[in-house]
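Structural characterization, general
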Amino acid sequence: MSVNKVVMDADGIDRSLTRIAYELLEKNKGIEDMVLVGIQTGGVFLAERLKKKISRIEGVEIPMGILDITLYRDDLRTSNKKPRLGKTDIPFSLDDKKVVLIDDVLFTGRTIRAAMDALIDFGRPKLIQLAVLIDRGHRELPIRADFVGKNLPSSLWEAVTVNLKEKSGRDEVTIEENV
Amino acid sequence: MRLTKKDLLGIKDLTVDEINLILDTAESFIEVSTREIKKVPTLRGKTIINLFMEPSTRTRTSFEIAGKRLSADTINISASTSSVVKGETLIDMARNLEAMNPDVIVIRHSASGAPHLLAKLLRQSIINAGDGAHEHPTQALLDMMTIRTKKGRIAGLKVSIVGDIAHSRVARSNIYGLTRMGAQVTVAGPATMLPRFIERMGVTVHHRIEDAIRGADIVMMLRIQTEREQQNIFPSLREYAKYFGLNRKNIRLAKDDVLVMHPGPINRGIEIAPDIADGPASVILEQVTNGVAVRMALLYLLTGGRT
């Protein structure tokens, strides 16, 4: 039997994002040359929320793009199933930009590897930073996040789910535990 | 939802869900061709053979570009440079190509059913790039994609296909696809160019272009194969242009926001007046752009994965 345990509620998610927004501004000393890129699909909603928070703090809109990493996955050759291809929309140059890559859950790091390869095809960013809502560990590549909402130690067979209002109607992070 | 087929041989075999999956995937691929670096690593290490036994610039180039933008290695073989001129049969040639381990073979052939023969014979994925007067599935898919992008839907639209329906694989594939997707399809052409019992494919038949395009959302003009003038299926190109050509006068019968389509190559001033082909209603060049995306989608969906 499995049960879903809520590890982060709507207020918790919002407070984490607010903190990340301030950390982003602090570390980068403002918003100059900063662009946000959300990874499909959860990362896109989080990027939109961060963009709003930053514009509320700084009074300026920063550019935001959407990235689908499917075409850069390293398991296309081996898996039988073809993942459904989503939209990519980065309507600005990444040359010399500070790119903040945003995803909901950081797990093996393979998605981020694919995302970085994709970003390089769009230009030569000045730097790439990574912001995630949840870091659940179990990295298979030498990748770490610069901004983390919550570190969530988990075992490999537990399912961590980030539900966001934009898609599932409510904000919460759950971990499915087998009991 | 995924594409479980090994081959793409015709639209006739595709379900509504499969068509939608291909079109959705193709829409996502449009973006790759607008990048400065128009290449993604998805099909690295795959080999695609384009076997074109009939002349073609658009379709062959489109398949080649699609493969290259996905990082596959693409090899083109045309009839005149192949060992067919030495008398080799299609089957022998196909078996020899198979021995070199390609992943996909794209074939255009003047004989209907040639891709089906290869699909049965070879373990590779076969994509039909036009077989005789039978089917041209990738053309119909790019046409449906163009309609869907421009109109937001296919179901319920009135689509008129005008020209040599009998000899047109483009018409046949489009009729299968558009009727399956819920469009109302009308065909028109001289009686010699309309196959008997065509209405059994679920289309309405007219013998005057004016009747066919009245109230149409989409007018799809077919290329008149000028070499057929000698076969006496129409008296003269001038007369054909006069009675079945699309021009600024008869296009007024269609809806105000009508889209004009043509699979190319166009005969200016015969089936379509130059000012219509280049006019605001024409989406002929968008069809070509979408063609690359549709072929990228198919190569993506049909390759890879160990079975």
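Preceding this paragraph is the structure being described.
What comes next is a walk through the structure. (Residues numbered from 1 in each chain as written. Chains lettered and ligands numbered in written order. Predicted model: local features only at pLDDT ≥ 70, side-chain atom pairs only at ≥ 80, totals over all residues. Heavy atoms only, no water.)

A look at the overall build of chain B
Formally: Working definition: helices are DSSP H or I runs of at least four residues, strands are E runs of at least two. Numbering for both runs from the N terminus. The quantity called the radius of gyration is restricted to C-alpha atoms. Its globule counterpart is 2.2 Å times the number of residues to the power 0.38. Remark: exposure states derive from per-residue accessible area (1.4 Å probe, protein chains only) relative to the maximum for the residue type, with buried under 20%, exposed over 50%, and partly exposed in between. We call two residues in contact whenever any of their non-hydrogen atoms come within 4.5 Å of each other. Reported accessibility uses the Shrake-Rupley method at a 1.4 Å probe radius. Residues are deemed covered only where the shown protein chains occlude them. In this count, Lys and Arg are taken as positive residues and Asp and Glu as negative ones, while His and the chain termini are left out. Where a charge lies is defined by one atom per residue type, namely NZ (Lys), CZ (Arg), CG (Asp) and CD (Glu).
Helix and strand counts for chain B stand at 10 helices and 9 strands. Scaling as 2.2 N^0.38, a compact globule of 307 residues should have a C-alpha radius of gyration of about 19 Å, and chain B matches this with 19 Å. A buried classification covers 57% of the 307 residues belonging to chain B. Within chain B, counting contacts between residues at least 6 apart in sequence, those at least 24 apart form 72% of the total. Here chain B displays about 13,000 Å² of accessible surface, and carbon together with sulfur accounts for 50% of that area. Between the centroid of the 41 positive side chains of chain B and the centroid of its 32 negative side chains there is a distance of 1 Å.

Considering the pattern of salt bridges
Applied cut-off: By definition, a salt bridge exists where a carboxyl oxygen of Asp or Glu is found within 4 Å of a side-chain nitrogen of Lys or Arg.
As enumerated under the stated definition, the model contains 32 salt bridges over all chains in all. We note a salt bridge from B:Arg35 to B:Glu31, for which the minimum N-O separation is 2.7 Å. Judged by relative accessible area, B:Arg35 falls into the buried class, the value being 7%. Here B:Glu64 ties to B:Lys68 by a salt bridge, and the two come within 2.8 Å at their closest N and O atoms. In this pair, B:Glu64 and B:Lys68 are both assigned in helix H2 (residues 58-69), 4 residues apart and thus about one turn of the helix distant. Three or more residues are tied together by salt bridges with common partners; here these are A:Arg84, A:Lys87, B:Asp24, B:Glu27 and B:Arg148.

A few points about the sheet that holds strand S6 (residues 184-188) of chain B
All names here are of chain B. How we decide: For two strands to be treated as a pair, DSSP must find no fewer than two bridges joining them. With axes taken as lines fitted to C-alpha atoms, and helix axes fitted only over the stretch in contact, angles between N-to-C directions fall between 0 and 180 degrees.
Strands sit in the order S7-S6-S5-S8-S9 across an open sheet of 5 strands; the sheet is parallel. Where the open sheet ends on each side, the last strands, each with one partner, are strand S7 (204-206) and strand S9 (259-261). Going across the sheet, the axis of each strand differs from the next one's by a mean of 20 degrees, ignoring polarity.

A word on unusual backbone geometry
For the peptide bond that leads from A:Gln40 to A:Thr41, omega is -10 degrees, which places it in the cis range. Positionally, A:Thr41 belongs in the loop between strand S2 (34-39) and helix H2 (42-58). Cis geometry is found at the peptide bond from B:Gly264 to B:Pro265, where omega equals -5 degrees. Here B:Pro265 lies in the loop between S9 and helix H9 (274-277). Here A:Asp96, not a glycine, exhibits a phi torsion of approximately 60 degrees, which is positive. With respect to the helices and strands, A:Asp96 occurs in the loop between strand S3 (64-67) and strand S4 (98-106).

Considerations on the pairing of strand S1 (residues 47-52) of chain B
Residues and elements named next belong to chain B. Note the following rule: Here the term right-handed applies to a crossover when the path leading from its first strand over the helix to its second strand runs clockwise, the strands being oriented away from the viewer.
Where burial is concerned, most of S1 is hidden: 5 out of the 6 residues are buried. Across 6 bridges, the pairing between S1 and strand S2 (residues 73-78) is parallel. Note that in S2 the partner of Leu 51 across the bridge is Ile 77. Viewed along the sheet, the connection from S1 through H2 into S2 turns out right-handed. As paired strands, S1 and strand S3 (residues 104-109) are joined by 5 bridges and run parallel to one another. Within S3, the position partnered with Leu 51 by the bridge is Ile 107.

Points about the layout of surface pockets
All names here are of chain B. As a reminder of what qualifies: Using protein atoms alone on a 1 Å grid, points that fit a 1.4 Å probe yet trap it form a cavity, whereas open point sets bounded by protein on both sides within 12 Å along at least five of seven lines form a pocket; residues with an atom within 4 Å of a point count as lining. Grid points are joined across faces, edges and corners, and a volume is the space filled by probe spheres set on the points. For this classification, the nonpolar set comprises Ala, Val, Leu, Ile, Met, Phe, Trp, Tyr, Cys and Pro, the charged set comprises Asp, Glu, Lys and Arg, and every other residue, Gly included, is treated as polar.
Quantified by volume, the largest pocket comes out at close to 650 Å³. Lining the largest pocket are 25 residues, and of these Arg 108, Arg 169, Arg 223, Gln 225 and Pro 265 sit closest to its centre. Among the elements of the structure, H2 and helix H6 (169-180) are those that each provide at least two residues to the lining of the largest pocket. Each residue belonging to the lining of the largest pocket can be placed in one class, and the counts come to 6 nonpolar, 11 polar and 8 charged.

Observations regarding the interface of chain A and chain B
So the rule is basically this: Defined in terms of a 1.4 Å probe, buried area is the accessible area two parts forfeit on being brought together, summed over both. For the purposes of these results, a polar contact is taken to be a pair of N or O atoms within 3.5 Å, where, inside protein, one atom must be able to donate a hydrogen and its partner to accept one; residues adjacent in sequence count only when each atom of the pair is a side-chain atom.
The interface is formed by 19 residues belonging to chain A together with 24 residues belonging to chain B. Both faces combined, the contact of chain A with chain B buries some 1,900 Å², and carbon together with sulfur accounts for 51% of it. It is A:Leu71, A:Lys82 and A:Arg84 in chain A that bury the most area against chain B; as a group they hold 33% of the surface buried on that side. Seen at the junction of chain A and chain B, the total is 2 salt bridges. In this structure, A:Lys87 and B:Glu27 form a salt bridge, with 3.9 Å as the shortest nitrogen-oxygen distance. The interface formed by chain A and chain B holds 8 residue pairs in polar contact (both at pLDDT 80 or more) in total. For the side of chain A that touches chain B, the class distribution of residues is 7 nonpolar, 6 polar and 6 charged.

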